[in-house]
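Breakdown of the fold
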Amino acid sequence: VYFEWAISVVRVGGLIAYHNAFWENAQLTDDSSPEARSVIGLSEKVAADTRLISTIYPAGGGTLVAVKASDA
(Lines give C-alpha, C1' and ligand atoms only; values in the text may rest on other atoms or scores of the structure.)
Protein backbone atom coordinates (compact mmCIF):
# COMPACT_ATOMS: atom_id res chain seq x y z
CA VAL A 1 0.00 0.00 0.00
CA TYR A 2 2.77 2.46 0.92
CA PHE A 3 4.65 1.77 -2.31
CA GLU A 4 1.69 2.76 -4.50
CA TRP A 5 1.07 5.82 -2.29
CA ALA A 6 4.73 6.89 -2.56
CA ILE A 7 4.69 6.54 -6.35
CA SER A 8 1.55 8.69 -6.55
CA VAL A 9 2.87 11.56 -4.38
CA VAL A 10 6.55 11.71 -5.42
CA ARG A 11 7.28 13.92 -8.41
CA VAL A 12 9.58 12.90 -11.25
CA GLY A 13 13.12 13.36 -9.96
CA GLY A 14 12.04 12.71 -6.37
CA LEU A 15 13.35 9.98 -4.07
CA ILE A 16 11.74 7.01 -2.39
CA ALA A 17 13.87 5.28 0.25
CA TYR A 18 13.53 2.66 2.94
CA HIS A 19 15.89 1.24 5.50
CA ASN A 20 16.52 -2.43 6.36
CA ALA A 21 16.52 -3.61 2.76
CA PHE A 22 18.79 -6.45 3.95
CA TRP A 23 16.29 -7.72 6.53
CA GLU A 24 17.42 -11.22 7.53
CA ASN A 25 20.20 -10.94 4.92
CA ALA A 26 17.56 -10.50 2.17
CA GLN A 27 17.36 -14.22 1.51
CA LEU A 28 14.04 -15.83 0.80
CA THR A 29 13.80 -19.31 2.29
CA ASP A 30 10.99 -21.54 3.50
CA ASP A 31 11.78 -20.32 7.03
CA SER A 32 11.73 -16.59 6.19
CA SER A 33 9.59 -14.48 8.49
CA PRO A 34 6.57 -12.57 7.14
CA GLU A 35 8.55 -9.35 7.65
CA ALA A 36 11.46 -10.64 5.57
CA ARG A 37 9.08 -11.79 2.83
CA SER A 38 7.48 -8.35 2.81
CA VAL A 39 10.81 -6.51 2.54
CA ILE A 40 12.05 -8.83 -0.20
CA GLY A 41 8.77 -8.48 -2.08
CA LEU A 42 8.98 -4.69 -1.88
CA SER A 43 12.57 -4.73 -3.17
CA GLU A 44 11.50 -6.90 -6.10
CA LYS A 45 8.56 -4.58 -6.82
CA VAL A 46 10.82 -1.50 -6.83
CA ALA A 47 13.41 -3.23 -9.05
CA ALA A 48 10.74 -4.24 -11.59
CA ASP A 49 9.03 -0.84 -11.76
CA THR A 50 10.07 0.92 -14.97
CA ARG A 51 9.24 4.33 -13.47
CA LEU A 52 12.11 3.99 -11.01
CA ILE A 53 15.90 3.78 -11.04
CA SER A 54 17.00 2.09 -7.82
CA THR A 55 19.93 0.77 -5.85
CA ILE A 56 20.65 -0.46 -2.35
CA TYR A 57 23.24 1.37 -0.26
CA PRO A 58 24.83 -1.53 1.64
CA ALA A 59 25.66 0.11 5.00
CA GLY A 60 24.04 -1.21 8.16
CA GLY A 61 20.75 -2.90 7.36
CA GLY A 62 20.83 -1.59 3.79
CA THR A 63 18.90 1.38 2.44
CA LEU A 64 17.02 1.06 -0.83
CA VAL A 65 16.98 4.35 -2.72
CA ALA A 66 14.90 4.89 -5.85
CA VAL A 67 14.60 7.93 -8.08
CA LYS A 68 11.29 8.39 -9.86
CA ALA A 69 12.43 8.71 -13.46
CA SER A 70 9.01 8.96 -15.13
CA ASP A 71 5.26 8.86 -14.57
CA ALA A 72 4.68 6.21 -17.24
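In what follows, the structure referred to is the one given above.
Note that the structure is predicted; figures quoted are calculated from it, not measured. (Residues numbered from 1 in each chain as written. Predicted model: local features only at pLDDT ≥ 70, side-chain atom pairs only at ≥ 80, totals over all residues. Heavy atoms only, no water.)

Attention now moves to the overall build of the protein chain. Broken down by element type, the protein chain carries 2 helices and 3 strands. Going from the N terminus to the C terminus, the protein chain shows its helices and strands as α-β-α-β-β. For the protein chain, the C-alpha radius of gyration of 12 Å lies close to 11 Å, the compact-globule estimate for 72 residues. Counting only C-alpha atoms and orienting by the principal axes, one finds that the protein chain spans roughly 35 × 25 × 15 Å. Expressed as a percentage of its 72 residues, the buried residues of the protein chain come to 31%. When contacts within the protein chain are restricted to residue pairs at least 6 apart in sequence, long-range pairs at least 24 apart make up 51% of them. (Helix = DSSP H or I, 4+ residues; strand = E, 2+ residues; numbered from the N terminus. Rg over C-alpha atoms; globule rule 2.2 N^0.38 Å. Buried < 20%, exposed > 50% of the residue type's maximum accessible area, 1.4 Å probe, protein only. Contact = heavy atoms within 4.5 Å.)

Counting residues in each nonpolar core, the largest one holds 12 residues, listed as Phe3, Ala6, Ile7, Val10, Ile16, Tyr18, Ala21, Val39, Val46, Leu52, Leu64 and Ala66. Contacts of Val39, omitting those with residues within four sequence positions, involve Tyr18, Asn20, Ala21 and Trp23. (Core = buried A, V, L, I, M, F, W, Y, C linked by side-chain atoms within 4.5 Å.)

The grouping of Tyr2, Trp5 and Val9 at the surface amounts to a nonpolar patch, some 420 Å² of accessible area in total. Relative to the helices and strands, Trp5 resides in helix H1 (residues 2–9). (Patch = residues over 30% accessible without salt bridge, like charges linked within 9 Å, V, L, I, M, F, W, Y side chains within 5 Å. Areas by Shrake-Rupley, 256 points an atom, 1.4 Å probe, with all protein chains shown as cover. Salt bridge = Lys/Arg side-chain N within 4 Å of Asp/Glu carboxyl O.)

With 15 residues, helix H2 (residues 34–48) extends 21 Å between its outermost C-alpha atoms, agreeing within 8% with the 21 Å of an ideal straight helix rising 1.5 Å per residue. Within the span of H2, buried status applies to Ala36, Val39, Ile40, Ser43 and Val46. With its buried residues spanning 125° around the axis, H2 presents them on a single face. More than 90 degrees from the buried face of H2, the exposed residues found are Pro34, Glu44 and Ala48. Considering only its buried residues, H2 is in contact with H1, strand E1 (15–19), strand E2 (52–57) and strand E3 (63–68). (Expected span 1.5 Å × (residues − 1). Arc of directions from axis to C-beta.)

A separate point is the sheet that holds E1. Read from one edge to the other, the open sheet built from 3 strands follows the order E1-E3-E2, with strand pairing classed as antiparallel. Looking along the sheet, the strands with just one partner apiece sit at the ends: E1 and E2. Strand-to-strand twist across the sheet, computed as the mean angle between neighbouring axes with direction ignored, equals 15°. Pairing of E1 with E3 involves 5 bridges; the strand directions are antiparallel. The residue of E3 that forms the bridge with Ile16 is Ala66. (Pairing = 2+ DSSP bridges. Axes fitted to C-alpha atoms, helices over the stretch in contact; angles between N-to-C directions.)

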